[in-house]
Amino acid sequence: MNTATKLSGFALGLAAVFGAAYGVGQVAGPDTPAVATRHDAANAGHADGDHATGAAPTSHLPGGLLVSDRGYTMQPVTEPAGEFAFRITGPDGAPVTRYDVAHDKRMHLIVARRDLSGFRHVHPELAADGTWRVASPLAGPGVWRAFADFTPTGGEPLTLGVDVTVPGALEERPLPTPATSATVDGYTVTLTGTPQPGRTAQLTLTVSRDGKPVTDLQPYLGAYGHLVALRQGDLAYLHVHPDGAPGDGRTAAGPAVTFFAEVPSAGSYRLFLDFRHGGAVHTAEFTVVAGDPGVPATTAAPAAPASPTADAGHGAPGHGHN
C-alpha cells in the first residue's frame, strides 16, 4: 500500500477531476465467463500523450482516475469465470515483475461498484510473466472500478484504475444517507469528525462490540486500520493508514483509530474502514458530506493542520498515512 502522511487534498487523492470514455479488454467475473472493461476519458490518451509526446505529467491528478500514468498501464487479462487478472506494463511496454513491498504486500487491489454499493480489498498473487491473479472480488452485476495500488521497484507509488462491467440485471442503489455510526459483523463503529474542504480535519473511528470498547484490535497489514475514501461520481481514490503504528510504544490497539483528512472540495464521499479483530477483517462503511457543495473550496479560510506523526511526509496522489 503506497502511503504518505495524511489525506492531503486531492493532490493526494480526492479531486474533482472526472471523465469517462471506453477502452477494450476483458476479465472474468464471479457470475459470468467474461466481463467487459472500460477506461476513463483522459486515460485513453495519457499513455501516449503524457509519455510519448512529453505532455504535462499527470501526477497532480488524484489516484485511480487514470488507467495509464507515468508510463505504467493497467491491462486486464482474460481469465476463466471466477478469476480476476491483470498486468501492469512499464514505460518499455513490458509487464512489470518487480514491486516493492508496502504494508506487507506488493499489490493491493481495491474494487468498488460505481454506485458505491460494493467494496472489496484483496491481494492478488504475481506470476512469473507479470500477471496478477486473484479469485474475483466482483460480487454481482454492475460497473466496478478496480484500483491497482502499488510501487514498482525503482519507481514512484501509483494507483491506476479501470472500469470493469459484470453483465447481468443491474439495480442501481442510492448512496446511503450520512451517518456517524455503522454496524458490521456485530461491531459498532462510530465516526467523530467531518472532512472540511481546504482544511485538515481529524477523523476518529471508534470500535465497540456488545456495548464495550474493543481495546485489542489486531494489526492488519502493519496498522490497526485502513481507510479508503471514494468520492461520489468520479470515485477518486485515497487509501490511508492511521496515526501511529502497532508496537511503536504510543499507539493503543483501539478502541479509537485516528486519521487526518484534508479535501479541497465539497461533496459526498463513501468511507470504508478495514480493521482486524477476532482473527477476521471487518469493513465498516460510512457516507460523509464535506462542506457546502455550493461553496468553492478556494473560499475556505486556511486552518492549522492537526499534528501528524513527526516522521511523516507527503507522497503520491491517492496515498497517505499518519
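Scroll up for the structure.
Rules and cut-offs
Residues numbered from 1 in each chain as written. Predicted model: local features only at pLDDT ≥ 70, side-chain atom pairs only at ≥ 80, totals over all residues. Heavy atoms only, no water. Core = buried A, V, L, I, M, F, W, Y, C linked by side-chain atoms within 4.5 Å. Buried < 20%, exposed > 50% of the residue type's maximum accessible area, 1.4 Å probe, protein only. Helix = DSSP H or I, 4+ residues; strand = E, 2+ residues; numbered from the N terminus. Contact = heavy atoms within 4.5 Å. Phe/Tyr/Trp six-rings, centres within 6.5 Å; stacked < 30°, edge-to-face > 60°. Salt bridge = Lys/Arg side-chain N within 4 Å of Asp/Glu carboxyl O. Pairing = 2+ DSSP bridges. Polar contact = N/O pair within 3.5 Å; in protein donor to acceptor, adjacent residues only side chain to side chain.

A. Representation of the nonpolar core. Grouped together as the largest cluster of nonpolar side chains are 27 residues, with contacts concentrated most on V189, L271, F275 and F286. Among the secondary structure elements, those contributing two or more residues to this core are β13 (181-184), β14 (187-192), β15 (199-209), β17 (226-231), β18 (237-241), β19 (256-263), β20 (267-277) and β21 (280-290). With residues up to four places along the chain from it excluded, the contact list for F286 reads A179, T180, S181, A182, V189, L191, L205, Y269, R270 and L271. F86, V96, M107 and L126 belong to the second-largest nonpolar core, a separate cluster that totals 25 residues.

B. Focus on unusual backbone geometry. Here the bond from G254 into P255 is cis, since omega is 0°, no more than 30 degrees from zero. Note on placement: P255 falls in the loop between β18 and β19. The backbone of R70 sits at a positive phi, close to 55°, despite the residue not being glycine. In this structure, R70 sits in the loop between β4 (68-69) and β5 (72-76).

C. Structural context of the packing of aromatic side chains. Within the structure shown, the criterion is met by six aromatic pairs. Look at Y99 and W132: their rings are 5.1 Å apart centre to centre, the planes differ by 75°, and that puts the pair in the edge-to-face class. Remark: W132 occurs in strand β10 (residues 131-135) and Y99 occurs in the loop between β6 (83-89) and β7 (108-113); sequence separation between them is 33 residues. With respect to burial, Y99 and W132 carry one shared label: buried. Plain terms: the ring middles of F147 and Y237 are 4.8 Å apart, the flat faces sit at 25° to each other, and that makes the pair stacked. Of this pair, F147 sits in strand β11 (residues 142-150) while Y237 is found in strand β18, placing the two residues 90 residues apart along the sequence. You can call F147 buried: its relative accessible area is 0%. Since its relative accessible area comes to 0%, Y237 is described here as buried. Taken together, the ring pairs connect Y99, W132 and F150 into an aromatic cluster.

D. Spotlight on the pattern of salt bridges. Under the counting rule described, the total for this entry stands at 10 salt bridges. R70 is the salt-bridge partner of D69, the closest N and O atoms lying 3.2 Å from each other. R70 gets classed as buried once you look at its relative accessible area, which sits at 19%. Note that D163 is salt-bridged to R145, the shortest N-O span being 3.1 Å. Placement of the pair is D163 in strand β12 (residues 158-166) and R145 in strand β11, with a sequence separation of 18 residues. Judged by relative accessible area, which is 2%, D163 ranks as buried. Judged by relative accessible area, which is 1%, R145 ranks as buried.

E. Representation of the pairing of β20 in the model. Judged by how many residues are buried, β20 sits mostly within the fold: nine of 11 residues are covered. Examined bridge by bridge, β17 and β20 share six bridges and lie antiparallel to one another. The residue bridging L230 from the neighbouring strand is R270, located in β20. Bridge analysis of β20 against β21 gives 11 bridges, and the strand direction is antiparallel. From the neighbouring strand, R270 faces β21, where its bridge partner is T287.

F. View of the sheet that holds β5. Judged by pairing direction, the sheet is antiparallel, and its five strands sit side by side in the order β4-β5-β6-β10-β9 without closing on themselves. In the strand order of this sheet, the two ends are held by β4 and β9 (125-126), each with one partner. Note: β5 against β6, four bridges, orientation antiparallel. Paired with P76 across the strands is F86, a residue of β6.

G. Geometry of the side chain of T258. With respect to the element layout, T258 can be found in strand β19. One polar contact links T258 to T204, side chain to side chain, over a distance of 3.3 Å. Apart from residues no more than four positions distant in its own chain, T258 is found in contact with Q202, L203, T204, P242 and D243.

H. Representation of the side chain of T204 within the structure. Along the polypeptide, T204 turns up in strand β15. The exposure class assigned to T204 is buried, which follows from its relative accessible area of 12%. Only 3.3 Å separates the side chain of T204 from the side chain of Q202, close enough to count as a polar contact.

I. Region of the structure containing the environment of Y224. Inspection of the secondary structure puts Y224 in the loop between β16 (212-213) and β17. Linking Y224 and D243, residues 19 residues apart in sequence, is a C-alpha distance of 9.4 Å. Leave out the neighbours within four places in its chain, and Y224 touches L217, Q218, P219, P242, P246, T251, A252, A253, V257, D274 and F275.

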